[in-house]
Amino acid sequence: MDLGAGQGKNGPAMRLVLRLGLLLALLLAPVAARANNTADEADVTFEVGNQAYARGQYVEALRAYFTSYRLVPNRNVLYNIARCYEALGRYNEAYRYYNDLSREPLPERDAAEVDHALSRLRPKVALVRVTTQPPGAEVYVDREDLGARGLSPQTLALSPGRHEVMVSKEGYRRATVQVDLTRGLATQKNFDLELITGTVRLSGTPQG
């Protein structure tokens, strides 16, 4: 009789614990699955991009490639993004991504292919090469709210005409310059950043 009473009290509690454990397992399982399947998702979206590219649907291909790159950054995806922009006639963006690739440690054959692409695009874009001393400053063009275009030294492909180039590095004064760019030509802009300093005056008694 006592044993029966004990089962009556503990049985529902035990079933509640089991149900809570099962619920937690169900909630945590998708998180683990997402973490483990990121590479698979990147592969699938990369293949979707390749199929769209083969059909000449370059905007759709770009969407897939950008998704793949966000999941798993990869040089092959970066190269395909550049190819899509070139196929769309958006040479500024194409040059930017080929140029980003040229900074990567590429095999000799791939590096030569990227250099050839940059040479092919140079007559079609207006370039500004931005260097700063010290290097590593954020480079902005025309509008800061659109985000930095990378860190100096940086070569940017922009539309011909007048642009405002701004550089910013923590601990240094911001610097801005206007540039007039011409298609097919490269303009060099060098910034000697001024270190932000202050003066401290100490006094006390007795003097000295």
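Residues numbered from 1 in each chain as written. Predicted model: local features only at pLDDT ≥ 70, side-chain atom pairs only at ≥ 80, totals over all residues. Heavy atoms only, no water.

Colleague: Explain the packing of aromatic side chains to me, using residue names and the numbers behind them.
Modeller: Evaluation of the coordinates by the stated rule reveals 6 aromatic pairs. Measuring from ring centre to ring centre gives 6.2 Å for phenylalanine 66 and tyrosine 97, while their planes differ by 65°; the resulting arrangement is edge-to-face. Placement of the pair is phenylalanine 66 in helix H3 (residues 58–71) and tyrosine 97 in helix H5 (residues 91–102), with a sequence separation of 31 residues. Using a relative accessible area of 24% as the deciding quantity, one classes phenylalanine 66 as partly exposed. (Phe/Tyr/Trp six-rings, centres within 6.5 Å; stacked < 30°, edge-to-face > 60°. Helix = DSSP H or I, 4+ residues; strand = E, 2+ residues; numbered from the N terminus. Buried < 20%, exposed > 50% of the residue type's maximum accessible area, 1.4 Å probe, protein only.)

Colleague: Can you tell me about unusual backbone geometry, naming the residues and giving the values?
Modeller: Leaving glycine aside, a negative phi is the common case for residues, and trans is the common case for peptide bonds. For the bond running from glutamine 133 to proline 134, omega is 5°, close enough to zero to count as cis. In this structure, proline 134 sits in the loop between strand E1 (126–133) and strand E2 (138–141). Following serine 152, the chain continues into proline 153 via a peptide bond in cis, with omega recorded as 0°. Residue position: proline 153 is located in the loop between E2 and strand E3 (154–158). Phi at aspartate 142 takes a positive value of approximately 70°, unusual for a residue other than glycine. Turning to its location among the elements, aspartate 142 is positioned in the loop between E2 and E3.

Colleague: Can you break down the layout of surface pockets residue by residue, with the values?
Modeller: Where empty space is left in the structure can be found by rolling a water-sized probe over the atoms. Of the pockets and cavities examined, the largest pocket occupies roughly 180 Å³. Taken together, Arg75, Asn76, Tyr79, Asn80, Leu101, Leu106, Asp110, Glu113 and Val114 make up the lining of the largest pocket. For the lining of the largest pocket, the elements supplying multiple residues, two or more each, are helix H4 (75–87) and helix H6 (108–121). Sort the elements by how many residues they give to the lining of the largest pocket and H4 lands first, with 4 residues. Per-class residue counts for the lining of the largest pocket are 4 nonpolar, 2 polar and 3 charged. (1 Å grid on protein atoms, 1.4 Å probe; cavity = no way out; pocket = protein on both sides within 12 Å on 5 of 7 lines; lining within 4 Å. Points joined across faces, edges and corners; volume = space filled by probe spheres on them. Nonpolar A, V, L, I, M, F, W, Y, C, P; charged D, E, K, R; others polar.)

Colleague: Explain the sheet that holds E3 to me, and be specific about the residues and the numbers.
Modeller: Sheets are built from strands paired through backbone hydrogen bonds, the pairs being either parallel or antiparallel. Strand order in the open sheet formed by 3 strands is E3-E1-E6, and the pairing between neighbours is mixed. Since the sheet does not close on itself, it has two edges, and those belong to E3 and strand E6 (186–192), each with one partner. Across the sheet, the mean angle from the axis of one strand to that of its neighbour is 20°, orientation sign disregarded. Examined bridge by bridge, E1 and E6 share 7 bridges and lie parallel to one another. Paired with leucine 127 across the bridge in E6 is alanine 186. Where H5 meets the sheet, its contacts fall on E1 and E3, and the angle it forms with E3 comes to roughly 165°. (Pairing = 2+ DSSP bridges. Axes fitted to C-alpha atoms, helices over the stretch in contact; angles between N-to-C directions. Contact = heavy atoms within 4.5 Å.)

Colleague: With reference to specific residues and values, describe the packing of H5 against H6.
Modeller: With their axes 9 Å apart at the nearest point, H5 and H6 run at an angle of 150° to one another. By the criterion of interaxial angle, the relationship of H5 to H6 is roughly antiparallel. The handedness of the crossing between H5 and H6 is left-handed. Two secondary-structure elements touch here, H5 through Tyr91, Ala94, Tyr95, Tyr98, Asn99, Leu101 and Ser102 and H6 through Val114, Ala117, Leu118, Arg120 and Leu121. Residue composition of the contact of H5 with H6, grouped by class: 9 nonpolar, 2 polar and 1 charged. (Parallel < 35°, antiparallel > 145°, perpendicular 65-115°, else oblique. Left-handed = near helix turned anticlockwise from the far one by under 90°.)

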